[in-house]
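Here is how the chains run, residue by residue.
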Amino acid sequence: MSDSTRNPVLNPEPRQHITGEPGSPDHLVQKYTLTEVQLANRNSGVCLETLRHDVTPIGMHYLLTHFDVPYVEKADDWKLTFERLDGTTADFDLERLKDFEQIEQRVTLECAGNGRVYMEPRWASMPWSSEAVGTAVWGGVRLSDVLTSLTNSTQDSAHLNAGKEPLEWVFSGADQGVDNGHVHHFERSLSHTMAMNSDVMLAWQINGQSLPPQHGFPLRLIVPGWYGMASVKWLKHIKAIDHPFEGYQQTGTYQYRQTLDDPGKPVTAIRVRSLMIPPGIPDWYTRQRVLNGGEVTLRGRAWSGDGTSVSKVEVSVDGEWHKAKLESSTDKYAWQSWQFLWQSTPGEHVLQCRATDANGVVQPLDAPWDKGGFGNNAVHSVKVWVEQEPEL
Ligand SMILES: Nc1nc2c(c(=O)[nH]1)N[C@H]1C(S)=C(S)[C@@H](COP(=O)(O)O)O[C@H]1N2
Ligand SMILES: [Mo]
């Protein structure tokens, strides 16, 4: 513990223009590029204090959009096309989709790049710290119901796939762009087995409302338990294929790679993780925290992937781990809340949280290395200064 009389948050050095000079408070070990700042302004993260909500309010949920948000005037005009193995198609508008049983699921979505800035060297991409996560109630229908109806339908000329089972389904968004020289629509595939998982949804609602443009209006895929890239927004086309999909967003990226020439392993299920709502009040610029001494309730959320629940959350105060109180999950794919009563003492402290899932997988203390900065589920650390005399 450091000397509590010299709290650097309440007694800061005067702020200067950023010089980046070695030794100055603004010196960056790894400088941010203008391209990263542009990406960070388009793709917002959740404010950690809103982790108090079981359901993240619309507008606070994190966002990741690779290209441009497509302009869609009316949901009525939207057409989702299914393409059979033989190339013939069946079109659905939203009205037709609404004939299937409608369901709602509370799902925690997280971007695979969450935590990228903590990996060194940093991969040039969206510079997420810890905030690329949110929980929403998604409303729509089961993809499997629609696929099954098409396979059995007489109206759509016998079998969707002429009696053959596809190997994969490719989901295409209306948005188009370029990455690494590849011009493409945002497209991802799922195996036929995964596509037939009854939890995978075609969703047109978030938290009881139509999707806003940035979340995929008017229709998107939701793949609960997987990192966000699988949940294709602005969903236009679903195509059966009999070979592995090799689109850029499938094989060019979203692969765990140790080195650039590593063939890679596909990024799929979310890794176990927890976050803490930073206690006390922040310094606006540095986000460093100050709080009054005494009893402090620390709170946060914990989640894992593939519908696996979290079985334990621990909180560390200056390196010593204690068991937190964990609420069981009411929804298979939604985060769980936890809390811990901390008897704080004056001075500087480092608080951390760590989750273990029902498979016994524990969050690592350090970022697991990945070339593209994917899947960093290392423990969350929050530095705080506790005041001797209550002054806040
Ligand atoms: N069509 C399309 N779908 C997309 C993306 C995209 O850029 N285009 N981004 C993906 C990624 S990487 C993530 S993390 C989630 C983010 O969903 P959200 O912006 O609704 O939170 O959408 C996924 N679906
Ligand atoms: Mo993502």
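In short, a report on the structure. It should be emphasised that the depicted structure is a prediction, and the values quoted were computed from it without experimental measurement.

Conventions we followed
- Residues numbered from 1 in each chain as written.
- Chains lettered and ligands numbered in written order.
- Predicted model: local features only at pLDDT ≥ 70, side-chain atom pairs only at ≥ 80, totals over all residues.
- Heavy atoms only, no water.
- Helix = DSSP H or I, 4+ residues; strand = E, 2+ residues; numbered from the N terminus.
- Buried < 20%, exposed > 50% of the residue type's maximum accessible area, 1.4 Å probe, protein only.
- Contact = heavy atoms within 4.5 Å.
- Areas by Shrake-Rupley, 256 points an atom, 1.4 Å probe, with all protein chains shown as cover.
- Lys, Arg positive; Asp, Glu negative; His and termini not counted.
- Charge placed at Lys NZ, Arg CZ, Asp CG, Glu CD.
- Near = heavy atom within 4 Å.
- Polar contact = N/O pair within 3.5 Å; in protein donor to acceptor, adjacent residues only side chain to side chain.
- 1 Å grid on protein atoms, 1.4 Å probe; cavity = no way out; pocket = protein on both sides within 12 Å on 5 of 7 lines; lining within 4 Å.
- Sits in = over half its atoms within 2 Å of the grid points.
- Nonpolar A, V, L, I, M, F, W, Y, C, P; charged D, E, K, R; others polar.
- Salt bridge = Lys/Arg side-chain N within 4 Å of Asp/Glu carboxyl O.
- Pairing = 2+ DSSP bridges.
- Axes fitted to C-alpha atoms, helices over the stretch in contact; angles between N-to-C directions.
- Core = buried A, V, L, I, M, F, W, Y, C linked by side-chain atoms within 4.5 Å.
- Phe/Tyr/Trp six-rings, centres within 6.5 Å; stacked < 30°, edge-to-face > 60°.
- Patch = residues over 30% accessible without salt bridge, like charges linked within 9 Å, V, L, I, M, F, W, Y side chains within 5 Å.
- Points joined across faces, edges and corners; volume = space filled by probe spheres on them.

## A few points about the overall build of the protein chain
Item 1. Each helix and strand counted, the protein chain has five helices and 22 strands in total.
Item 2. Judged by the C-alpha coordinates and their principal axes, the protein chain covers about 80 × 45 × 40 Å.
Item 3. A buried classification covers 50% of the 392 residues belonging to the protein chain.
Item 4. A fraction of 72% describes how many contacts in the protein chain between residues 6 or more apart in sequence connect residues 24 or more apart.
Item 5. Total accessible area on the protein chain is roughly 18,800 Å²; 49% of this is exposed by carbon and sulfur atoms.
Item 6. Both charge centroids of the protein chain, one from 35 positive and one from 49 negative side chains, sit 1 Å from each other.

## Some thoughts on the site of ligand 1
Item 1. Near ligand 1 you find 19 residues, and of these Tyr62, Asp175, His215, Arg220 and Lys233 are the closest.
Item 2. A distance of 3.0 Å separates a nitrogen atom of ligand 1 from a polar backbone atom of Ser231.
Item 3. Contact with the protein chains removes 100% of the 530 Å² of surface that ligand 1 exposes when unbound.
Item 4. For ligand 1, the cavity whose grid points lie within 2 Å of the majority of its atoms is the largest cavity.
Item 5. Here the shell around ligand 1 is built from residues that sort into nine nonpolar, seven polar and three charged.

## Focus: the pattern of salt bridges
Item 1. In total, this model carries 13 salt bridges according to the counting rule given.
Item 2. Of the charged contacts, one joins Asp54 and Arg301 as a salt bridge, the two residues approaching to 3.1 Å between their closest N and O atoms. With Asp54 in the loop between helix H1 (34–42) and strand S1 (80–83) and Arg301 in strand S16 (residues 294–303), this residue pair connects regions lying 247 residues apart in the sequence.
Item 3. Using a relative accessible area of 45% as the deciding quantity, one classes Asp54 as partly exposed.

## Section: the sheet that holds strand S10 (residues 235–241)
Item 1. The mixed open sheet is built from five strands, whose spatial order is S2-S1-S10-S5-S6. Strand pairing shows two members of the sheet lacking a second neighbour, strand S2 (89–92) and strand S6 (182–191), which therefore form its edges. Here the average twist between neighbouring strands, direction ignored, is 25 degrees.
Item 2. Bridge analysis of S1 against S10 gives three bridges, and the strand direction is parallel. By the bridge assignment, Phe82 is partnered in S10 with Ile238.

## Examining the nonpolar core
Item 1. Grouped together as the largest cluster of nonpolar side chains are 68 residues, with contacts concentrated most on Phe82, Trp138, Leu143, Phe171, Leu202 and Leu221.
Item 2. Top contributing element to this core by residue count: strand S7 (residues 201–206), with five residues.
Item 3. Listed in part, the 20 residues of the second largest apolar core include Val315, Leu351, Val384 and Val386.

## Structural notes on the packing of aromatic side chains
Item 1. Evaluation of the coordinates by the stated rule reveals six aromatic pairs.
Item 2. With 6.0 Å between their ring centres and 80 degrees between their planes, Tyr62 and Trp128 make a pair best called edge-to-face. With Tyr62 in the loop between H1 and S1 and Trp128 in the loop between strand S3 (102–110) and strand S4 (133–142), this residue pair connects regions lying 66 residues apart in the sequence. An identical accessibility class is assigned to Tyr62 and Trp128; each is buried.
Item 3. A ring pair is formed by Phe92 and Phe100, whose centres lie 6.3 Å apart and whose planes are at 35 degrees; its orientation type is tilted. Take Phe92 and Phe100: they sit in the same class, and that class is buried.

## Topic: a nonpolar patch on the surface
Item 1. Where nonpolar side chains cluster on the molecular surface, the patch consists of Tyr32, Leu34 and Val37 and spans about 300 Å² of accessible area.
Item 2. On the secondary structure map, Leu34 appears in helix H1.

## As for the environment of Ala358
Item 1. Turning to its location among the elements, Ala358 is positioned in the loop between strand S21 (347–357) and strand S22 (380–387).
Item 2. Separated by 48 residues in sequence, Ala358 and Val310 place their C-alpha atoms 5.6 Å apart.
Item 3. Excluding residues that lie within four positions of it along the chain, Ala358 makes contacts with Thr308, Ser309 and Ser311.

## A few points about the sheet that holds strand S19 (residues 325–326)
Item 1. In space, the four strands of this open sheet follow the order S13-S16-S20-S19, with antiparallel pairing throughout. Each edge of the open sheet is held by one strand with a lone partner, namely strand S13 (273–276) and S19.
Item 2. Where S16 and strand S20 (residues 336–344) come together, nine bridges link them in antiparallel fashion. Considered in S20, the bridge of Ala302 is made with Gln336.

## Focus on the environment of Thr65
Item 1. Counting through the fold element by element, Thr65 comes out in the loop between H1 and S1.
Item 2. According to the relative accessible area criterion, Thr65 is buried, its value standing at 7%.
Item 3. Sequence separation between Thr65 and Ala136 is 71 residues, and the spatial gap between their C-alpha atoms is 17 Å.
Item 4. Discounting chain neighbours no more than four positions away, the residues touching Thr65 are Arg42, Asn43, Gln214, Lys233 and Trp234.

## A closer look at empty space enclosed by the protein
Item 1. On inspection of all chains with the given rule, the structure shows three cavities of 30 Å³ or more.
Item 2. Around the largest cavity, the lining comprises 20 residues; the ones closest to its centre are Leu64, Arg220, Gly228, Ser231 and Lys233.
Item 3. Its volume calculated, the second largest cavity comes out at about 50 Å³.
Item 4. As for the second largest cavity, its lining consists of 13 residues, and the residues nearest its centre are Ser304, Thr308, Lys332, Ala334 and Gln336.
Item 5. Among the residues making up the lining of the second largest cavity, the classes are represented as six nonpolar, five polar and two charged.

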